[in-house]
Amino acid sequence: MRFLPGTHRALGLAAALAVAAAAGAAVAQPVARAPRPAEDSGRAEAGAAPLRGSLGVPVAERLLASSDPEARLRGIERLGAIGTEEAVTALLAAVDQGGPAARDPRARLAAARALAPHAQRDSVRQLLSRELSEGGGPARGAASPLGEVLRGTAALALARAGERRALGALVNAIVQGGAAGEAAALALKAYPPESLQLLLGSRKRLEPALVSFLGELGDLRAIAALRPMLEGGDRAAQVAAARALARLGDEAALAKARAWLSKPEPGLFEATVEILVHLGAPEAPDAVASLLGSELGRLEGLRLAELAPAERLVPALARALPLLPEDARPRAVAAIGRAGGAEAARQLRRLTLERPELATAAAFALATMPGAEARAAVAELVDGPRAAKDAELRRLGLRAGVVRGLALRDAPGSLEGRLLAALAAPKGSSDRAVGVFGAVALGLRDPLEAVGGCSPASCDRAAVHAAARGALARGERALAALAPLFAELAAPGGGGAAPGGGAAPGGDDAAPDAAAISAGVALLAEPRGGAVATSRLAALAEAGGPLSPLAARALAARDDEVVRGRLKRLLEGSDPVVRAHVALGLGSDPLPDSVSLLARAYRFEDDPAVRRAIVRGLSRRTEVQRRRVLLAARDLDPDEGVRALARAALSGAGAPALDPPRAALATGVVWIAIVPNDQGAAAGASSRPARLVRPDGLAVPVVADPDGVLLVPAVPPGVSSVLLAPAAPPGDAGS
C-alpha cells in the first residue's frame with residue numbers, strides 16, 4: 001500500500017487503513033478458546049487501532065446501506081476485520097433487523113464467519129443460534145443451497161467458543177433433532193468440550209438423543225454419567241444408555257443386554273443385538289442370525305452382519321437373501337464374502353452359476369475374499385466345464401481373476417494363459433476387451449502393444465477402452481504412454497473416419513469419440529495437457545462430457561490472459577465436478593493472481609467436494625493471500641475433509657497428491673455392470689462412456705466393454721460415483 005505524500009499524509013494514512021480493513025477480510029479469522037498456532041493470532045485487540053475503528057465503521061455502514069449485494073458483502077467483511085465492539089454491534093444490526101443483508105444467504109454466511117471470534121457475546125451467540133436452527137431455510141427467505149454451509153458454520157463457531165451457553169444451544173439442537181441437531185453433533189465432534197459438565201449443564205435427566213450423541217462422541221468421560229441410567233428410570237432411557245455405553249466399549253452394558261436377551265420384550269430385541277455386536281459378545285452372531293430370520297428385523301440384521309462379519313452368519317445370510325428387498329440383495333452378497341470361509345465360497349459360487357442378476361456381485365465378492373476356497377471358486381469360473389461352453393460366464397471368471405490379482409495378489413494359476421489367449425479373439429469383441437484389460441492391468445502387456453495399433457482411420461476402439469482402464473493399475477508410466485494416442489484422437493476430426501478413410505472434419509468444438517474419451521486417462525499423468533492444443537482443451541472442458549473435468553484442470557494449469565475468462569465461467573458453472581477440477585488446476589497456475597480466484601471461489605461454494613478441491617489448490621500456492629482462506633476453512637468449514645486438508649496445508653505437509661503413482665497401484669477396483677431397463681435399450685449399454693469420480697474427487701473418463709461391463713482399478717477407498725454419458729458419441733462402434 002502506498003501512502004499519499006506531503007500535506008495529504010494524514011488523510012492517506014486513514015484511507016489506507018480503511019482499505020486494509022476491507023482487503024484483509026475476505027474470510028474472517030476466528031479466535032479459539034484455547035491457544036492456537038501463531039498464524040491464528042492476527043486479530044488486533046479492541047481499541048488497538050482507534051483510527052481504523054473510527055473511520056472504518058462509518059465507511060462499512062455506508063457499504064451496508066448500498067443496493068449492490070457485493071458492496072454489502074464488502075461492508076460485512078470490513079466490519080469483521082475491524083473487530084471492535086462498535087463494528088460488531090453494527091454488523092449485528094445489519095443482519096438482524098430484516099434488511100437486505102438479513103435476506104441474503106451470502107451476507108448471512110459472511111456475517112457468521114466474521115462474528116465467529118465474538119461468539120461468547122450474548123448477542124452474537126443468539127444470532128449464531130438462530131442461524132443454526134434456521135440455516136438457509138424459509139424463515140428469512142427462500143431456501144438456499146448455502147443453507148447447510150451457513151448452519152454448519154454457525155454450529156462450529158458456537159462449539160469453538162466452548163462457553164457454557166454456546167454449548168447449551170448446541171445441546172438443545174441435538175435434543176430437538178433434524179438438520180440443526182446433525183450440524184450441532186458434527187460441530188461438537190470437531191471441537192469436543194473441555195468439560196462434559198459444560199455440555200450437560202444441570203440436567204437431571206438426559207434425553208435419549210443426547211445420550212445417543214454421548215456414545216457417538218467417543219469421550220470416555222461420559223461413562224460416569226451413563227452408567228447410573230442403566231438402573232431405574234424408563235426402559236427407553238436404559239436402552240439409550242446401554243447403546244451409548246456399548247459404543248464406548250464399556251462392558252457395564254453387557255449384563256443388561258444379556259438379561260434382556262433371556263427375557264425378550266417387544267421392540268427391544270434389535271437394540272439388544274446391537275449392544276452385543278458392539279461389545280463383541282460370543283452370543284452376537286447367533287443373535288444377528290435371529291434378526292436375519294425375522295421379517296421385521298431383517299434389514300437391521302443385515303446392517304449388523306456388515307458391521308461384524310462372522311462365518312457363522314453365512315447360512316443365515318444365504319437364507320435371507322431371496323427375502324430381502326431387491327436393492328439390498330447385493331449388500332447381502334457382499335456380507336457373505338466378508339464373512340469368509342468355505343461355506344461362503346460355496347454360496348457365492350452357486351450364485352454366479354444360478355442367479356444371473358447377482359452373478360457380478362457374487363464374482364466380485366469371490367475376487368476380494370481371501371482364502372484358498374475363494375481362489376478355487378474363481379479358478380473354476382475361468383477353467384471349469386461350464387466356462388468352456390458359456391462365453392459370458394468365462395468373461396465373468398476372467399474379470400474376477402484379474403480383480404483378485406489386483407486386490408489380493410492371488411490370481412488363479414491359469415489366468416495369465418487365458419488372458420493372453422483372449423487377445424486373439426476378434427477385434428471389437430467383448431472377449432478381446434477382457435483379455436486386453438487383464439493383460440495391461442496385470443503388467444503382461446504394455447497398453448499400446450495390447451491395442452495392436454490405432455489411428456483415427458482404423459482402430460479397435462473396444463481394445464483402447466480396455467487398455468486405458470487397465471493402464472490405471474500400472475501407474476504414471478503406463479498412462480503417459482497413451483498421451484500421443486490421446487493427442488491424435490482428441491484433435492479436431494481425429495476420432496472418427498470420414499467416407500473414403502480420411503479423418504473426419506471438425507473444428508475445436510467437435511465432440512471427441514469414444515476412443516479419445518478412453519485415452520483421456522493420459523491427462524492423469526499429464527495434468528497440463530501434454531501436446532493437446534489449448535484451444536482444444538478449452539472446447540473439451542466446456543463440452544460437458546466425461547473428458548471435461550480433466551480438460552478443465554489442464555486448461556487452468558495453462559492460465560493466461562486469453563484463457564482467464566473461460567476459466568472464470570467454468571469456475572462459476574453448474575457442474576461441481578468441473579468446478580473442482582478448475583480449482584485443482586489453478587493450484588499449478590503460473591499466474592500469481594490465481595490465488596485470488598481460488599479465494600473468491602471458496603467464499604460461497606456450497607458443494608463440499610469443490611471446497612476440498614479449492615483447498616487442495618490453495619495448498620500448492622505460496623502467496624500470502626491463501627492463509628486467511630485456509631484458516632477459515634480449517635476452523636469453520638462444516639466438512640471434515642475440508643478442515644483436514646486445510647490443517648495439512650497450514651502445517652506445511654500439503655494435501656495428499658492426486659497424481660498417479662510411478663509404480664503399479666493395487667487398491668480398490670470398481671466393477672459395474674450396465675443393465676438396460678428393457679431389451680430395446682440393450683445397445684445403449686455397449687461401449688457406454690462414463691465419468692467415474694473417485695473418493696478423492698478426481699474424475700476418470702472411462703468407456704465400458706461391448707458387453708456393458710466397467711472394471712476401473714486404482715480407486716482409493718471410499719465412495720465413488722459414476723455418471724453415464726447421456727448418449728454414445730460418434731465413432732462408438734466396436735471397431
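Residues numbered from 1 in each chain as written. Predicted model: local features only at pLDDT ≥ 70, side-chain atom pairs only at ≥ 80, totals over all residues. Heavy atoms only, no water.

## A closer look at the overall build of the protein
Secondary structure summary: the protein contains 40 helices and five strands in total. Carbon and sulfur atoms make up 54% of the accessible area of the protein, which amounts to about 30600 Å² in all. (Helix = DSSP H or I, 4+ residues; strand = E, 2+ residues; numbered from the N terminus. Areas by Shrake-Rupley, 256 points an atom, 1.4 Å probe, with all protein chains shown as cover.)

## Here we look at the environment of Pro713
Counting through the fold element by element, Pro713 comes out in strand E4 (residues 709-715). Residue classification places Pro713 among the buried residues on the basis of a relative accessible area of 2%. Expressed as a C-alpha distance, the spacing of Pro713 and Trp671, which sit 42 residues apart in the sequence, is 8.6 Å. The residues contacting Pro713, other than those within four sequence positions of it, are Leu406, Phe437, Arg469, Leu472, Ala473, Gly668 and Val669. (Buried < 20%, exposed > 50% of the residue type's maximum accessible area, 1.4 Å probe, protein only. Contact = heavy atoms within 4.5 Å.)

## With respect to the environment of Pro726
Looking at the secondary structure, you find Pro726 in the segment after strand E5 (721-724). Taking relative accessible area as the criterion, Pro726 reaches 81% and is therefore assigned exposed. Sequence separation of Pro726 and Pro689 is 37 residues, and the distance between their C-alpha atoms is 8.7 Å.

## Concerning the pairing of strand E3 (residues 699-703)
Among the five residues that make up E3, five are buried, leaving the element largely enclosed by the rest of the structure. In this sheet, E3 lies alongside strand E2 (residues 689-693) in antiparallel orientation, the contact comprising five bridges. Of the residues in E3, the one forming a bridge with Arg691 is Pro701. From the end of E2 to the start of E3, which pair antiparallel, there are five residues, and Gly697 there has a positive phi angle of about 95°. (Pairing = 2+ DSSP bridges.)

## Concerning the pattern of salt bridges
The full count for this structure, using the stated rule, is 50 salt bridges. Of the charged contacts, one joins Arg349 and Glu380 as a salt bridge, the two residues approaching to 2.7 Å between their closest N and O atoms. Separated by 31 residues along the polypeptide, Arg349 in helix H20 (residues 342-354) and Glu380 in helix H22 (residues 372-383) bring together distant segments of the chain. A relative accessible area of 29% means that Arg349 is categorised as partly exposed. (Salt bridge = Lys/Arg side-chain N within 4 Å of Asp/Glu carboxyl O.)

## Observations concerning the packing of H20 against H22
The axes of two packed helices give the description: the angle between them and the distance between them. Closest axis-to-axis distance for the H20/H22 pair is 8 Å, and the angle between their directions is 20°. In this view, H20 runs roughly parallel relative to H22, as classed from their interaxial angle. Of the two elements, H20 crosses H22, and the hand of that crossing is right-handed. Residue-level inspection shows Ala342, Ala345, Arg349, Thr352 and Leu353 of H20 in contact with H22, the latter providing Glu373, Ala374, Ala377, Glu380 and Leu381. Here the contact of H20 with H22 is composed, by residue class, of six nonpolar, one polar and three charged. (Axes fitted to C-alpha atoms, helices over the stretch in contact; angles between N-to-C directions. Parallel < 35°, antiparallel > 145°, perpendicular 65-115°, else oblique. Left-handed = near helix turned anticlockwise from the far one by under 90°. Nonpolar A, V, L, I, M, F, W, Y, C, P; charged D, E, K, R; others polar.)

## Notes on the packing of aromatic side chains
The tally for this structure, following the rule as stated, stands at one aromatic pair. Judged by centre distance (6.2 Å) and plane angle (80°), the ring pair of Phe364 and Trp671 falls under edge-to-face. Placement of the pair is Phe364 in helix H21 (residues 359-367) and Trp671 in strand E1 (residues 668-673), with a sequence separation of 307 residues. Overall, the relative accessible area of 27% leaves Phe364 in the partly exposed class. (Phe/Tyr/Trp six-rings, centres within 6.5 Å; stacked < 30°, edge-to-face > 60°.)

## A word on the packing of helix H13 (residues 235-247) against helix H15 (residues 269-278)
At a closest axis distance of 8 Å, the pairing of H13 and H15 adopts a crossing angle of 20°. The angle between H13 and H15 places the two elements in the roughly parallel class. Crossing handedness for the pair H13 and H15: left-handed. Where H13 approaches H15, its residues Val239, Ala242, Arg243, Ala246 and Arg247 are matched on the opposing element by Glu270, Ala271, Glu274, Ile275 and His278. In the contact of H13 with H15, the residues fall into five nonpolar, one polar and four charged.

## Overview of the side chain of Arg621
Examined against the element boundaries, Arg621 turns out to sit in the loop between helix H38 (608-619) and helix H39 (626-636). Looking at Arg621, its side chain comes within polar contact range of the side chain of Ser594, at 3.2 Å. If sequence neighbours within four positions are ignored, Arg621 has contacts with Leu586, Gly587, Ser588, Asp589, Leu591, Pro592, Ser594, Val595, Leu598 and Arg626. (Polar contact = N/O pair within 3.5 Å; in protein donor to acceptor, adjacent residues only side chain to side chain.)

## Brief notes about the sheet that holds E2
Ordered in space as E3-E2-E5, the three strands form an open sheet in which the pairing is antiparallel. One side of each edge strand has no neighbouring strand; the edge strands of this open sheet are E3 and E5. Averaged over all pairs of adjacent strands, the angle between strand axes in this sheet comes to 25°, irrespective of strand direction. By the bridge criterion, four bridges tie E2 to E5 in an arrangement that is antiparallel. Residue pairing across strands places Arg691 opposite Leu723, the latter belonging to E5.

## Comments concerning helix H28 (residues 461-471)
Across the 11 residues of H28, 11 count as buried, placing the element largely inside the fold. Among all positions in H28, only Arg461, Ala462, Ala463, Val464, His465, Ala466, Ala467, Ala468, Arg469, Gly470 and Ala471 are buried.

## Describing unusual backbone geometry
Although it is not a glycine, Arg409 sits at a positive phi angle of roughly 55°. Within the secondary structure layout, Arg409 lies in the loop between helix H24 (391-408) and helix H25 (415-422). Since its relative accessible area comes to 59%, Arg409 is described here as exposed. Its identity is not glycine, yet Ser687 carries a phi of approximately 50°, on the positive side. Looking at the secondary structure, you find Ser687 in the loop between E1 and E2.

## So, the environment of Leu170
Checked against the element boundaries, Leu170 lands in helix H8 (residues 164-176). Look at Leu170 and you get buried, because its relative accessible area is 0%. In sequence terms Leu170 and Leu158 are 12 residues apart; their C-alpha atoms lie 7.4 Å from each other. When residues no more than four places from it in sequence are discounted, the contact partners of Leu170 are Leu132, Ala155, Leu158, Ala159, Ala184 and Leu188.

## Some points on H22
Its 12 residues give H22 an end-to-end C-alpha distance of 16 Å, which sits within 8% of 16 Å, the value for a rise of 1.5 Å per residue. For H22, the complete set of buried residues consists of Ala374, Ala377, Val378, Leu381 and Val382. Along the long axis of H22, the arc covered by the buried residues comes to 145°, so they all point the same way. Considering only its buried residues, H22 is in contact with H20, H21, helix H23 (385-389), H24 and H25. (Expected span 1.5 Å × (residues − 1). Arc of directions from axis to C-beta.)

## Re the pairing of E4
Buried residues dominate E4, accounting for seven of its seven residues. Of the pairings in the sheet, the one linking E1 to E4 comprises five bridges and is antiparallel in character. Opposite Trp671, over in E4, you have Leu711 as the bridge partner.

## Some points on the nonpolar core
Core analysis: the biggest nonpolar cluster contains 236 residues, and Leu170, Leu226, Leu348, Phe486 and Val582 have the highest contact counts within it. The biggest single contributor to this core is helix H7 (residues 147-161), with nine residues. Setting aside chain neighbours within four positions, we find Leu226 in contact with Val211, Leu214, Ala241, Ala244, Leu245 and Leu248. (Core = buried A, V, L, I, M, F, W, Y, C linked by side-chain atoms within 4.5 Å.)

## A look at the side chain of Asp219
Inspection of the secondary structure assignment puts Asp219 in the loop between helix H11 (208-217) and helix H12 (223-226). Within the structure, Asp219 has its side chain in polar contact with the side chain of Arg221 (distance 2.6 Å). Contact partners of Asp219, with chain neighbours within four places excluded, come to Leu196, Leu214 and Leu248.

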